[in-house]
Structures are given as structure tokens and as C-alpha cells.
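Letter by letter, the chains look like this.
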Amino acid sequence: NCYPLEHLTGFHSGWQANKEDGDDYSLLARINGKTLITPEGDVLMSSPRFVEIMSQQRRIFDGTSGASYKNMKEDRRYEGLRTPWIMAGTPALMNTDQSRLGDRFNRIIIDPPSVDERRDILEQVGHTAMRTVQNMSNCDPQSIVEESLRTAYRLTGGYVDWLRVNAEELLERSSAGPADYTEWVVSRCAKLAEFTADLRARPDPNHQRQEKHDAKEMPTRLTHQFVRYACCLAPVLSRKEIDEDVLLRVRKIAVDTARGKTLEIARRLSVAEDGEEARVLAVQTGETPDRMQTLLRFMRKIGCVEWFTLKGGGLGTQVRWRLTERLGRLCK
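Remember, it's a predicted structure, so these values are computed and weren't measured experimentally. (Residues numbered from 1 in each chain as written. Predicted model: local features only at pLDDT ≥ 70, side-chain atom pairs only at ≥ 80, totals over all residues. Heavy atoms only, no water.)

A. Just the overall build of the chain, in detail. When helices and strands are tallied, the chain shows 13 helices and seven strands. The buried share of the chain, reckoned over its 332 residues, is 35%. In the chain, of all internal contacts separated by at least 6 residues, the share reaching a separation of at least 24 is 64%. Accessible surface computed for the chain: about 21400 Å², of which carbon and sulfur atoms make up 53%. (Helix = DSSP H or I, 4+ residues; strand = E, 2+ residues; numbered from the N terminus. Buried < 20%, exposed > 50% of the residue type's maximum accessible area, 1.4 Å probe, protein only. Contact = heavy atoms within 4.5 Å. Areas by Shrake-Rupley, 256 points an atom, 1.4 Å probe, with all protein chains shown as cover.)

B. The packing of helix 7 (residues 179-200) against helix 9 (residues 244-257), seen in detail. One can describe the packing of helix 7 onto helix 9 by two numbers: an axis separation of 8 Å at closest approach and a directional angle of 15°. Our classification of the angle between helix 7 and helix 9 gives roughly parallel. For helix 7 against helix 9, the interelement crossing comes out right-handed. Counting all contacts with helix 7, which are made through Trp-184, Arg-188, Cys-189, Leu-192, Phe-195, Thr-196 and Arg-200, the residues of helix 9 involved are Glu-244, Leu-247, Val-250, Arg-251, Ala-254, Val-255 and Thr-257. Classifying every residue of the contact of helix 7 with helix 9 by side-chain character gives eight nonpolar, two polar and four charged. (Axes fitted to C-alpha atoms, helices over the stretch in contact; angles between N-to-C directions. Parallel < 35°, antiparallel > 145°, perpendicular 65-115°, else oblique. Left-handed = near helix turned anticlockwise from the far one by under 90°. Nonpolar A, V, L, I, M, F, W, Y, C, P; charged D, E, K, R; others polar.)

C. Looking closely at the confidence of the model for the chain. Per-chain confidence: the chain averages 84 in pLDDT, with 88% of residues scoring 70 or above. The secondary-structure element of the chain with the lowest mean pLDDT is strand 3 (residues 65-67), recorded at 77, while helix 9 shows the highest, at 94. (pLDDT = per-residue confidence, 0-100.)

D. Molecular detail of the environment of Arg-239. Secondary-structure assignment places Arg-239 in the loop between helix 8 (220-236) and helix 9. Each C-alpha atom of the pair Arg-239 and Leu-170 lies 9.6 Å from the other, and the pair is 69 residues apart in sequence. Once you skip the residues sitting within four places of it in the chain, Arg-239 turns out to touch Arg-173, Ala-234, Asp-245 and Val-246. At a separation of 3.0 Å, a polar atom in the side chain of Arg-239 contacts the side chain of Asp-243. (Polar contact = N/O pair within 3.5 Å; in protein donor to acceptor, adjacent residues only side chain to side chain.)

E. Representation of the environment of Ala-282 within the structure. Mapped onto the secondary structure, Ala-282 falls in helix 11 (residues 278-285). In the structure, Ala-282 is positioned 11 residues away from Gln-293 in sequence and 8.7 Å away in space, judged by C-alpha atoms. Beyond its immediate stretch of four places on either side in the chain, Ala-282 contacts Glu-287, Thr-288, Pro-289 and Met-292.

F. Examining unusual backbone geometry more closely. At Ser-238, a position not held by glycine, the phi torsion is positive, near 60°. By the secondary structure assignment, Ser-238 is in the loop between helix 8 and helix 9.

G. A look at the pattern of salt bridges. In total, this model carries 18 salt bridges according to the counting rule given. Between Arg-104 and Asp-62 there is a salt bridge, with the nearest N and O atoms lying 2.5 Å from each other. A residue pair is termed long-range when its members are at least 10 positions apart, and Arg-104 in the loop between strand 5 (85-87) and helix 4 (115-132) and Asp-62 in the loop between helix 3 (50-61) and strand 3 qualify at 42 residues. Given the relative accessible area of 10%, Arg-104 is considered buried. Put simply, Asp-111 and Arg-259 hold a salt bridge, and the shortest N to O gap is 2.8 Å. Taken as a pair, Asp-111 in the loop between strand 5 and helix 4 and Arg-259 in the loop between helix 9 and helix 10 (261-270) lie far apart in primary sequence, 148 residues in all. (Salt bridge = Lys/Arg side-chain N within 4 Å of Asp/Glu carboxyl O.)

H. View of the sheet that holds strand 5. Pairing within the open sheet is parallel, and its three strands lie in the order 1-2-5. Both edges of this open sheet fall to strand 1 (2-4) and strand 5, since each of them pairs with a single strand only. The sheet shows a mean angle of 20° between the axes of neighbouring strands, taken without regard to direction. For strand 1 and strand 2 (residues 35-38), the ladder comprises three bridges, and the chain directions are parallel. (Pairing = 2+ DSSP bridges.)

I. Broad picture of a negative patch on the surface. Taken together, Asp-116, Glu-117, Asp-120 and Glu-123 make up a surface patch of like negative charges. By the secondary structure assignment, Glu-117 is in helix 4. Under the relative-accessibility criterion, Glu-117 is labelled partly exposed at 46%. (Patch = residues over 30% accessible without salt bridge, like charges linked within 9 Å, V, L, I, M, F, W, Y side chains within 5 Å. Lys, Arg positive; Asp, Glu negative; His and termini not counted. Charge placed at Lys NZ, Arg CZ, Asp CG, Glu CD.)

J. Geometry of helix 8. Taking 1.5 Å per residue as the helical rise, helix 8 with its 17 residues ought to reach 24 Å, and the 25 Å between its terminal C-alpha atoms agrees with that figure. Listed in full, the buried residues belonging to helix 8 are Leu-222, Thr-223, Gln-225, Phe-226, Ala-230, Cys-231, Leu-233, Ala-234 and Pro-235. Summarising the contacts, the buried residues of helix 8 are in contact with helix 3, helix 5 (147-165), helix 6 (167-175), helix 7 and helix 9. Ser-238 occupies a position one or two residues after helix 8 and carries a positive phi of about 60°. (Expected span 1.5 Å × (residues − 1).)

K. Examining the packing of aromatic side chains more closely. Per the counting criterion, the structure on display carries four aromatic pairs. Judged by centre distance (6.1 Å) and plane angle (10°), the ring pair of Tyr-159 and Trp-162 falls under stacked. Here Tyr-159 and its partner Trp-162 are both found in helix 5, three residues apart, which amounts to about one turn of the helix. On the basis of relative accessibility, which here comes to 35%, the residue Tyr-159 falls in the partly exposed class. When its relative accessible area of 44% is taken as the criterion, Trp-162 is described as partly exposed. A network of ring pairs unites the aromatic residues Phe-11, Trp-85 and Phe-105 as a single cluster. (Phe/Tyr/Trp six-rings, centres within 6.5 Å; stacked < 30°, edge-to-face > 60°.)

Spelled out as C-alpha cells, the structure:
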């Protein structure tokens, strides 16, 4: 059900071993219907074709893809694609901004553990190393994995298999309900999608070299993703229906996907009753004043913040920033 994917040059291939067999050597022919697993996303990011690969992935995520080759009479066309992709990596992945192009990835960030949790994790790793160093390898790949971990892997795989076998029944139960229940779930997910679309948008880094078009995405795809998350998380968490605990996890996905300087600015402004000056926001978020002005102007153009004047103690006035009423409600 899974396909490991690390070093990648592209999803399409026009090469054939011979004209008689007609085999398709494209990666898409092997991964359709499977979940792509990239354990080290930073390796993929270092590829000189990373931008091209991501552009292909966005189209593949939507279910169709195609390519034309000069050595073939007919174009290669793929439809009905289902290729979820789980990519793990360091915080460097946060710098790959695709929001202007219609990012298909959502982010789940594992926050740093507390001091006590960190010590427990290190001690567990030490005990595991102590047990595995005493094992003799017998040329079986499983022999290099500690016994308790092998059991955990098997239990996890068995649970995933059980979810796949019973998916139709489980999803029907979690997504069915009265009209007011459905309306409640969809409304919450739509608000989260609008929140994420507002705050994962970024100014174009090339705006000085080309015509500038500041815009944010229409959160239709995000709404679709969040509703599906809610419906699928309920049976995974052994819930008969979507409840607040399920939506709390969907909210974490929404907030993690929106993480960045714009979210930090929104958080600061959401608790500032009288707004805040740009220079103060720059100090609070660790940005330069020029960069802060760029971010605020961008957020103003997409309807997230607005500026106003506040009379100071003397004769002058202060220019301050605050959230728009719409974003203020979403943040609350």
C-alpha cells in the first residue's frame, strides 16, 4: 500500500524497452493507488529539479497528469490518480512556500518535547540500544530491529490494514448524520480553511524583478481536505461521529499549515486592544523593520490587517496596525 520515494527526477517517462512489449516505465504507473512515503524530505529539496517535481505533483494530486514526447506518436495521459504523499523532514521544509501556486500539502508539526519528556525519550533510546547490541544478526532484515519495536510495527500495520478493510463502513458512520450535524462540521472546517488560506499566503520574493500580484488562494481545496480529515480521523480515534476532540486535531493541522511570520503577527495583533506599531511588531517577531513593513503591506492587500492613526501624548499621531474584523473573528 506504500511506496518509498526519496531521490526523484520526475514522474513521467517516455522510454520503452522495445516497441513490442508496450510497458509503461513512468513512475506514475507504479505509484497509483499507493501512499508515497518520503522519510527525509530535505534530500528531495536539494534536488535541482525540486520546483519542477512539485509542479508535477500539484497536477497529480488533482487526479490527472500528462506528458508529450518527441519519440512517441501519442501523448501519455493518466487519469483517476490517487497518490497521497507523506513527507517528513526538518523545519527547513517550512521555507518551501508554494502558497502562490496552490499548495497541496498540509503540515503537521511535532512540537519540541518538555524537559521531562525529552529525558524519557533519551532513556528509552538508550535502553533500546542496550537490548539491540546484544542481538546477533541472522541475515534477516527484521533481526536488526529490537523485538518490542517489531511488535509495535506489526500492531500498527495490522491496525492500518483493519482500517482499510472496513473503511467503507467506518466512513459511512462518521460522515452520516442529521442536517444540523453536517452543517456544523462543514461550517467549522470552512472557517479553518479560510483562516489557513489567509495566514499561509506569502508575498512574492521576486516582486522586485517582476510585476507584483499580491493575492491569496480560494480556500476550496483546503475546505475539501479539512472535511476529509474530520471524517477519517473519527474512526481512527474510535469515535462514532465527529466531535470536538476530532475537530481539535483538524484545527492543529490548520494552524500548523499556516505557521510562519504572518501567523505570529496575527497572534500579536489579536491580543492588542489598541493595535500595535510596526516597529514593535518587528521586535516581537524578530524581523527587520523593512521586512515587517513588507509583510504588513501584503497582509493589508489580502484583507488581513488594516492601519489606523492613534493620537499620542503630544501633538503627533501614531500609525498602528490591527486585524480586520473578518480575520479577528476567525482568530478568536
